[in-house]
Amino acid sequence: MAAKATITVRADHPLGKIDRNVYGQFVENLGECVYPGVWVGESSSVPNIEGFRRDVVEAFKDVKVPIIRWPGGCYADYYHWQEGVGPREQRPGRVNIWWGRGVDTNEFGTDEYLRFCSLVGAEPYLCLNVGTGTPEEALAWLEYCNYEGDSTYARMRADNGHPEPYGVKYWSVGNENYACGGNFDPVDYARQYRRFALYLKRMDPAVKLIACGFIGSAPLGASDWNLRVMETLEGYVGLVDYLSIHYFFRGSEVRGGAGPFGGATDFTDEHYLNLLADVQTLEHKIKQTIEVLDFFSNGTKDIGIAVDEWAAWYSDTRMPALYQQNTLREGMLAAAVFNLFNRYAKKVRMSNIAQSVNVLGTLCLTRGDRTVLTPTYHVYHMYRSHMENTAVYADVDSPIVRDPAPARPSTGPEREISPLYALDVSASVSGDGGTLVVTLANQSPDEDLEVELSLTGGGELAGGSATVLTADKIQAHNDFDHPDDVVPRGETVNAPAGGTLTYRAPRHSITSLVLEIRR
Ligand code: AHR
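Residues numbered from 1 in each chain as written. Predicted model: local features only at pLDDT ≥ 70, side-chain atom pairs only at ≥ 80, totals over all residues. Heavy atoms only, no water.

Participant: Honestly, the sheet that holds strand E10 (residues 208–212) in this entry has me stumped. Any pointers?
Facilitator: Whenever strands of a sheet pair, they do so through backbone hydrogen bonds, lying parallel or antiparallel. In spatial order, the strands read E2-E5-E8-E9-E10-E11-E12-E13; together these 8 strands make up an open sheet with parallel pairing. For this open sheet the edge positions go to strand E2 (25–26) and strand E13 (348–353), each flanked by a neighbour on one side alone. Bridge count between strand E9 (residues 170–172) and E10: 3 bridges; the pairing is parallel. Paired with Trp 171 across the two strands is Leu 209, which belongs to E10. Here helix H9 (residues 328–343) sits on the sheet and contacts strand E11 (242–250), strand E12 (304–313) and E13; the angle it forms with E12, its principal contact strand, is near 165°. (Pairing = 2+ DSSP bridges. Helix = DSSP H or I, 4+ residues; strand = E, 2+ residues; numbered from the N terminus. Contact = heavy atoms within 4.5 Å. Axes fitted to C-alpha atoms, helices over the stretch in contact; angles between N-to-C directions.)

Participant: When you look at the pattern of salt bridges in this model, what are you seeing that I'm missing?
Facilitator: Side-chain pairs of opposite charge can arise where the charged atoms are in close proximity. The final tally for this structure, using the stated rule, is 22 salt bridges. Residue Arg 10 pairs with Asp 395 through a salt bridge whose shortest N-O separation is 3.5 Å. Taken as a pair, Arg 10 in strand E1 (residues 3–17) and Asp 395 in strand E16 (residues 390–397) lie far apart in primary sequence, 385 residues in all. On the accessibility criterion, Asp 395 (31% relative accessible area) is partly exposed. (Salt bridge = Lys/Arg side-chain N within 4 Å of Asp/Glu carboxyl O. Buried < 20%, exposed > 50% of the residue type's maximum accessible area, 1.4 Å probe, protein only.)

Participant: Even after reading the chapter, I still don't get the site of the ligand, so can you show me in this structure?
Facilitator: Neighbouring the ligand are 14 residues; Glu 28, Cys 74, Asn 175, Glu 176 and Glu 309 lie closest to it. At a separation of 2.9 Å, an oxygen atom of the ligand approaches a polar side-chain atom of Glu 28. Glu 176 is positioned such that a nitrogen or oxygen atom in its side chain is 2.8 Å from an oxygen atom of the ligand. When the ligand sits alone it has 280 Å² of accessible area, and the protein chains cover 95% of it. Looking at side-chain class alone, the shell around the ligand contains 8 nonpolar, 3 polar and 3 charged residues. (Near = heavy atom within 4 Å. Polar contact = N/O pair within 3.5 Å; in protein donor to acceptor, adjacent residues only side chain to side chain. Areas by Shrake-Rupley, 256 points an atom, 1.4 Å probe, with all protein chains shown as cover. Nonpolar A, V, L, I, M, F, W, Y, C, P; charged D, E, K, R; others polar.)

Participant: Explanation requested: the nonpolar core in the structure shown.
Facilitator: Across soluble globular proteins, nonpolar side chains show a tendency to be buried alongside one another. Phe 249 and Trp 310 are the most contacted members of the largest nonpolar core, which totals 131 residues. With 10 residues, H9 is the single largest residue contributor to this core. Leave out the neighbours within four places in its chain, and Phe 249 touches Phe 261, Leu 275, Asp 278, Val 279, Leu 282, Trp 310, Ala 311, Ala 312, Trp 313, Leu 333 and Val 337. Judged by nonpolar contacts, the second largest core, of 28 residues, contains Ala 5, Leu 423, Val 451 and Ile 517. (Core = buried A, V, L, I, M, F, W, Y, C linked by side-chain atoms within 4.5 Å.)

Participant: What is the right way to read the state of the cysteines from this model?
Facilitator: Simply put, disulfide is the name for a covalent bond between the sulfur atoms of two cysteines. Enumeration according to the criterion identifies 1 disulfide in this entry. Covalent S-S linkage joins Cys 74 and Cys 180, the inter-sulfur distance amounting to 2.2 Å. What sets the handedness of the Cys 74 and Cys 180 disulfide is the S-S torsion sign, and at about -85° it is left-handed. You can see Cys 74 sitting in the loop between strand E5 (67–70) and strand E6 (94–95) and its partner Cys 180 sitting in the loop between E9 and helix H5 (186–203), a full 106 residues away along the chain. Left without a disulfide partner, Cys 127 is nearest to the cysteine sulfur of Cys 212, which lies 8.7 Å away. The buried category is assigned to Cys 127, whose relative accessible area is 0%. (Disulfide = S-S within 2.5 Å.)

This is the structure in structure tokens:
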């Protein structure tokens, strides 16, 4: 027996274009993310392309990574870009004061990072140093990357092998400046932002600038941070293109225990449902952020949201490298988070998972010359078809898998968690109107769902394909002995008789349906 659910996709109710950058990545000099997750050097026995791990480059290309954020994270507000350009053997080592106090050899610097982006086919997204840096240093970096004429830093770039400007479009003015990015208060940070942004936009008016937002609660930063930043920026909103927010699904806040989410592989059904229910907290924070942005921009500027760090962070995450195994549960979480971002396509225009390799919500785990692809990776692969489509409204009727719950410490006393429904969905239509993409997660830990899918407001559903990711248990994961325990399988979907497609979604599974729309 399976429970029943229905999805009615309303093609004539657009929710905004899904920016490809919503499926973005993030690599920081943290733990084993950059070294050796991305960079092993040309002389390494690990198969590489110009020093970059071949397997990781190929994996990123396959998933069509649109954008990669670097150098941090906390490392960004401590990073001095000039130490990472020029002959590698002459670059100074720099103690990484965050995440383990290792030494960054600076082998992977600006030119290596930008080469990595171009090998993968991704846009670069650089994070500037506000905490220990100056507008002068930021401007010099922008000049190095983008200046087309003959200048000191453009010549330096040419001497380092790249006469053509890189044209880096996305720049954030600091990272988590309420904490590791300098312990600013919101007013001081906003004043710094105004100062940096003025000069950056004068140097290159084409850049898109990302301001630091915050959706957590005190004492890490002011709980009204976004409001106070935007209030201080009133009159200057033209300088802000995106507001960045970070959301970690953290299980460590109940000290001494496994927390509400358990460990990375050691968790119960209850932990699993708690985690998925917490996606509602992220939704609540996104709504609040939209209200603040809309209020202060007052119709003069359409500022986007960049969720430029997000992931689950469990109580047993290996510190300080932030290494975590990645189970089917991470796949279920990524599916729910992307469904949410798709539904908020109008405002959520970028996201970057923390992080891409060997850290937290990772896509790839590396050991020696081997790389394992995680369930999170497979979900990125399955959701690629949404990129640049128009998100459309989907009316969902589903059984509940978890009743409302009281507020957790991180959500604040202001709200409780609503019921968690088994079926979580987003839908989009291709630019030519000929393809419907529906991604659905059956979040139930123990029951299959008989799903009836229909389309209204434009065309008729024809056949297509289904890609399904599941496993015998939610704790299933891929490791170096079993790299293929959780891999997607493909199925053909026949054109439904009578216009309604019936699909059986296995318990704890994610499905991507790519269907033709017949006019
Ligand atoms: O992504 C891991 C760390 O988490 C980053 O350095 C920091 O920005 C965040 O707090």
